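Okay, here's what each chain looks like letter by letter:
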Amino acid sequence: MEFFGVEGESEKLKAIFLPLITPSHLVPVVDIARIFAMHGVDVTIITTPANAAVFQSSIDRDASRGSSIRTHLVKLPHVPGLPEGMETINFSTSRDIASKLFEALTKTLQTQFPQLLHQFKPDFIVSDMFYTWSVEAAAELGIPRLIYVGGTYFAHCAMDSLERFEPHKKVNSDDESFLIPGLPYNLEMTRSQIPERFKTPSDFSYIMNRVKESEKRSYGSLFKSFYAFEGAYEELYRTIMGTKSWNVGPISSWVNQDASDKSSRGQGKEVEEGKGKVGWLSWLDSKQKGSVVYVCFGSMKNNFSATQITEIAHGLEDCGHDFIWVVGKIDEGQSRALVEEFEKRVEASKKGYLIWGWAPQLLILEHPAVGGVMTHCGMNTVIETVDAGLPMVTWPLFAEQFFNERLLVDVLKIAVPVGAKEWKMWGDFGNEIVEREKIAKAIDLLMGGGEECEEVRRRVKALSEEAKKAIQIGGSSYNSLKDVIQEMKSLKLEKLNPKVEEPVA
Ligand code: UDP
């Protein structure tokens, strides 16, 4: 691993990373922290004990391989109404608890920050986008703040256009499509597919406005995709925001280089229930090359009603292809009994394999038997799947996922849509039910080997090659990382040796 212009211990660049406490932000920010450390930066990640448990084994491995990286733990105070030991926001966290937890964490970090800065003396900080307060904290110390922005450049450009031109307010119904102006591609969506905050101002609109404002006041932003994936939107984003931005993906394959890295990533103590950790592996080993579709809806897992879960089960059984379905945790109210029954059937027929906990996604995606992925279009999974050279069935649910779907289906043409029409609030089931026929049909289109599907496969394979080049020496993401580290280094040196103004003669 090449060190980027960080010569000696006295000149070592020091950084503090502040990841959010949801798996979908924690996992990529820790990966980014690790890639900085692998390239010579001294890194301290600040989080709570339960969140550290999710990634600590990777940090320990990196440290033993020579990276200068550690975790610093902050303890949350007891907050009335917050269950003891609750430190992570995931699918089962109610909105009320999530906001209490976020407030408690923010207050703790803000209070301890001056002491942390004094202790670790960072030259710059990398903050999750939701810690807007860290703009001021960094400014007070006179150090640059980089912001980690989740999602694609594409989605951010589209959302900026919605804010600026409000095309969704010019249509007569929720399912009438409209054009999102000002983008390199003619992007069409419907009002039912865009996030609620664009239609009805809420507390969340206020939070997102603050995030955007803090983004503009940051020294620059870090994204985790790569140039060949959405380069035109990367450039547009820079113009819109007027800030610097560096694209350092695909981050997961860059840092998680061996099986131990990949299998423990993001998993913490959650193991697959019942069947032992590697049941999925022997099941996949028994399958033919490219014959299995992997179905996973991200770290928030089953954001589905009992009816929807039933439709998914039938859709998978009817699609005619073998599958792995990461069901996560399903409770009784969500038809657990039905899914257990389903599992027995598909296990007997050898058509399917269910994972009830955290799936070792990176390892599954690189298994030769996997030939396609059904995804909710979470940005991490999208990039990991493209990196693995696999085409997708898209089933967006919440956040910026409907924009990501348009990028995959219309612009890059590497995915088949399941036909979801309703954007849902995170944690809500919504009203739409995607029927089993649609699910089976989309999977069959992707996996069935028709001409259209072969084209899709060819395109995603080509993009996967580009993803691999991006992180090699001289590749776009490699150069991006090198640039941002060298820029942080120059700022540090300027601070140490301020320019003396020439007296005016
Ligand atoms: N992930 C995993 N196993 C699981 C579920 C998720 O390894 O069972 C990882 C996945 O590889 C990805 C992240 O968790 O890196 C999920 O992020 P994504 O953006 O896809 O979805 P989100 O969780 O943000 O909805």
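Everything here concerns the structure above.
Residues numbered from 1 in each chain as written. Predicted model: local features only at pLDDT ≥ 70, side-chain atom pairs only at ≥ 80, totals over all residues. Heavy atoms only, no water.

This paragraph deals with the overall build of the protein. Each helix and strand in the protein was counted, giving 18 helices and 15 strands. Taking 23 Å as the expected radius of gyration for a compact globule of 505 residues, we find that the protein reaches 23 Å, a close match to that expectation. Each of the 505 residues in the protein was classed as buried or not, and the buried ones make up 58%. Of the roughly 21100 Å² of accessible surface on the protein, 54% is carried by carbon and sulfur atoms. Considering the protein, the positive charge centre built from 57 side chains and the negative charge centre built from 69 side chains are found 2 Å apart. (Helix = DSSP H or I, 4+ residues; strand = E, 2+ residues; numbered from the N terminus. Rg over C-alpha atoms; globule rule 2.2 N^0.38 Å. Buried < 20%, exposed > 50% of the residue type's maximum accessible area, 1.4 Å probe, protein only. Areas by Shrake-Rupley, 256 points an atom, 1.4 Å probe, with all protein chains shown as cover. Lys, Arg positive; Asp, Glu negative; His and termini not counted. Charge placed at Lys NZ, Arg CZ, Asp CG, Glu CD.)

The next point concerns the sheet that holds strand β11 (residues 322-326). With respect to topology, six strands assemble into an open sheet ordered β12-β11-β10-β13-β14-β15, the strand pairing being parallel. Bordering the open sheet on either side are β12 (352-355) and β15 (415-417), each of which pairs with just one other strand. Adjacent strand axes in the sheet meet at a mean angle of 20 degrees, parallel and antiparallel pairs treated alike. Sheet topology note: the β11/β12 ladder contains four bridges and is parallel. When the bridges of β12 are listed, Trp-325 appears paired with Leu-354. Sheet strands in contact with helix α11 (residues 306-318) are β10 (292-296) and β11, and its direction is about 160 degrees off that of β11. (Pairing = 2+ DSSP bridges. Axes fitted to C-alpha atoms, helices over the stretch in contact; angles between N-to-C directions. Contact = heavy atoms within 4.5 Å.)

The next thing to look at is the environment of Phe-323. By secondary structure assignment, the location of Phe-323 is in strand β11. Overall, the relative accessible area of 1% leaves Phe-323 in the buried class. Residues Phe-323 and Val-373, 50 residues apart in the sequence, show an inter-C-alpha distance of 9.4 Å. Those residues in contact with Phe-323, other than ones at most four positions away along the chain, are Trp-283, Val-292, Val-293, Leu-316, Glu-317, Phe-342, Val-346, Lys-351, Gly-352, Tyr-353 and Leu-354.

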